[in-house]
Amino acid sequence: MATGSTRSRRRTAGRWAATAVLVALTALTGCGPDTPPAPSAPTSGTSTAPPPTSPPSPPTPSPDGTSKNSEEPAPREVLVELNVTGGFAGVQNQLIVRYDGSYTTRSGTEPPRTGRMEPAEVAELRAALEDPAFAAVPARPTGEPVHDGFQYVVTYRYRVVVATDGDRPPALRRVFSALPGGGPPTSP
C-alpha cells in the first residue's frame, strides 16, 4: 500500500506531465496569452471578403542613386534553374541563370563553368518565362518517353516543369532557345 508521501509524489508528477502536455500543445497550436483567438467561422449574412492588402512598398534607392521597385528581384537571385538528366551517356547537368545575366553550368563531376548573358538575351529569356503559354505548360510530361532521351526539370518562381524529349511544347522550346548556349546543356 502506498504511503501518503508516495501518493503526493505521484500526483505532483502527474500534474507536471499534464502541464508539459499542455505547454507542448500550446506551442504547436500557436495559442497562448499573447496570441489573439482564431477567427470564428463566418455565419450566414456576414462578409467573407479578404482583409485589405497593404499598399505596395515605395521604390528603394539603390547605391547608384536610381530607384528600384522593392518587388524586383536582386540581381544575383536565381531567374531559372534547369537540370538535365538521362541520354545515352547518362548526363547529369545543371544550368542556373541569375537575373543579372550571370550563369553557371555544371556537368557531372566537372568544375562549374560561368558566363554572362547580354541584357537583350536576359530580356528574351524573361519574356519566354513570363509568357502565359509557358505558365500553361503541364507540370509533368504527357507524351510518350523517348528511349535514352533526356529529362528536363525547369524551376522558375517556385514552379517546377518536368519535360522529356518526347514532350516539349512550343512555349518550353521558346524558353530553351533563349537559354545561354541556345538550349539545355546536354553534353556529358
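Being a predicted model, the structure only gives us computed values, none of them experimental.

J.: Would you mind going over the nonpolar core with me for this structure?
T.: In globular proteins that are soluble, nonpolar side chains generally tend to be buried together. In this structure, Leu-79, Val-80, Leu-82, Leu-125, Leu-129, Phe-134 and Val-154 are the most contacted members of the largest nonpolar core, which totals 27 residues. Sorting the residues of this core by element identifies strand 3 (78-86), strand 4 (91-98), helix 2 (119-130), strand 7 (150-156), strand 8 (159-164) and helix 4 (170-177) as the ones contributing at least two each. Beyond its immediate chain neighbours, meaning those up to four positions away, Phe-134 contacts Ala-128, Leu-129, Val-154, Tyr-156, Arg-159, Val-161, Ala-171, Leu-172 and Val-175.

J.: Is there a simple way to think about the layout of surface pockets in this case?
T.: Approximately 190 Å³ is the volume attributed to the largest pocket. Surrounding the largest pocket, Glu-77, Val-78, Leu-79, Glu-81, Tyr-99, Thr-155, Tyr-156, Arg-157 and Tyr-158 form its lining. Put simply, the parts of the chain that give the lining of the largest pocket at least two residues each are strand 3 and strand 7. Here the element with the most residues in the lining of the largest pocket is strand 3; it accounts for 3 residues. Class assignment of the residues belonging to the lining of the largest pocket gives a composition of 5 nonpolar, 1 polar and 3 charged.

J.: How do you make sense of the side chain of Ser-102 when you look at a structure like this?
T.: Considering the arrangement of structural elements, one finds Ser-102 in strand 5 (residues 102-107). A distance of 2.7 Å separates polar atoms of two side chains, one belonging to Ser-102 and the other to Arg-76. Every residue in contact with Ser-102, bar those within four places of it in the chain, is listed here: Arg-76, Ile-96, Val-97, Gly-115 and Arg-116.

J.: Would you explain the pattern of salt bridges in this entry?
T.: When the charged atoms of two side chains with opposite charge come close together, those side chains can pair. By the definition in use, this model includes 6 salt bridges. Arg-116 serves as the salt-bridge partner of Asp-100, at 3.7 Å between the closest nitrogen and oxygen. Taken as a pair, Asp-100 in the loop between strand 4 and strand 5 and Arg-116 in strand 6 (residues 113-116) lie far apart in primary sequence, 16 residues in all. Given the relative accessible area of 51%, Arg-116 is considered exposed. Between Asp-165 and Arg-168 there is a salt bridge; the shortest N-O distance is 3.4 Å. On the accessibility criterion, Arg-168 (27% relative accessible area) is partly exposed. One salt-bridge network, held together by shared partners, links Arg-76, Asp-100 and Arg-116.

J.: What is the right way to look at the side chain of Thr-105 in this model?
T.: For Thr-105, the location among the structural elements is in strand 5. Overall, Thr-105 belongs to the buried group, its relative accessible area being 9%. Those residues in contact with Thr-105, other than ones at most four positions away along the chain, are Gln-94, Leu-95, Pro-112, Arg-113 and Pro-185.

Analysis parameters
Residues numbered from 1 in each chain as written. Predicted model: local features only at pLDDT ≥ 70, side-chain atom pairs only at ≥ 80, totals over all residues. Heavy atoms only, no water. Core = buried A, V, L, I, M, F, W, Y, C linked by side-chain atoms within 4.5 Å. Buried < 20%, exposed > 50% of the residue type's maximum accessible area, 1.4 Å probe, protein only. Helix = DSSP H or I, 4+ residues; strand = E, 2+ residues; numbered from the N terminus. Contact = heavy atoms within 4.5 Å. 1 Å grid on protein atoms, 1.4 Å probe; cavity = no way out; pocket = protein on both sides within 12 Å on 5 of 7 lines; lining within 4 Å. Points joined across faces, edges and corners; volume = space filled by probe spheres on them. Nonpolar A, V, L, I, M, F, W, Y, C, P; charged D, E, K, R; others polar. Polar contact = N/O pair within 3.5 Å; in protein donor to acceptor, adjacent residues only side chain to side chain. Salt bridge = Lys/Arg side-chain N within 4 Å of Asp/Glu carboxyl O.

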